[in-house]
Amino acid sequence: MGVARYSQEFKRDAVALVRSSGRTVGSVAKDPGVNAESLRQWVHKADSAADGGGDVLTPSEKEELKRLRKQVRELELEKEILRKAAQYFAKEMGR
């Protein structure tokens, strides 16, 4: 038996249905045929994200964040090198 993959939109809609219907997670999960424990985890993750906790980044977003942080470090290093070069040449021109 394989693992079902659901889109983020589907998960958001299912969580919104749990919150707005007043029904239990188990009864909401039966309608679209979702595993009740999966839906319970989606609701928990959404609650954690709303509280400011939890991991709300997708793996691709984490990878992009890692790449961008590396790029920022490189750019800051280049800026420091250029700043020092400008100071050096300004001093040399003043002689």
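Everything here concerns the structure above.
A. Fine view of the nonpolar core. Counting ten residues, the largest nonpolar core consists of Ala14, Val15, Val18, Val25, Val28, Ala29, Val34, Leu39, Trp42 and Val43. The set of elements that each furnish at least two residues to this core consists of α1 (8-21), α2 (25-30) and α3 (36-50).

B. The arrangement of the pattern of salt bridges in detail. The tally for this structure, following the rule as stated, stands at five salt bridges. Put simply, arginine 19 and aspartate 47 hold a salt bridge, and the shortest N to O gap is 2.5 Å. Of this pair, arginine 19 sits in helix α1 while aspartate 47 sits in helix α3, placing them 28 residues apart in sequence. Exposure remark for arginine 19: the relative accessible area of 48% places this residue in the partly exposed category. The partly exposed category is assigned to aspartate 47, whose relative accessible area is 32%. When the shortest N-O distance is used, the salt bridge between aspartate 31 and arginine 23 registers 2.7 Å. Given the relative accessible area of 54%, aspartate 31 is considered exposed. Connected via shared salt-bridge partners are Glu80, Arg83 and Lys84.

Definitions and cut-offs
Residues numbered from 1 in each chain as written. Predicted model: local features only at pLDDT ≥ 70, side-chain atom pairs only at ≥ 80, totals over all residues. Heavy atoms only, no water. Core = buried A, V, L, I, M, F, W, Y, C linked by side-chain atoms within 4.5 Å. Buried < 20%, exposed > 50% of the residue type's maximum accessible area, 1.4 Å probe, protein only. Helix = DSSP H or I, 4+ residues; strand = E, 2+ residues; numbered from the N terminus. Salt bridge = Lys/Arg side-chain N within 4 Å of Asp/Glu carboxyl O.

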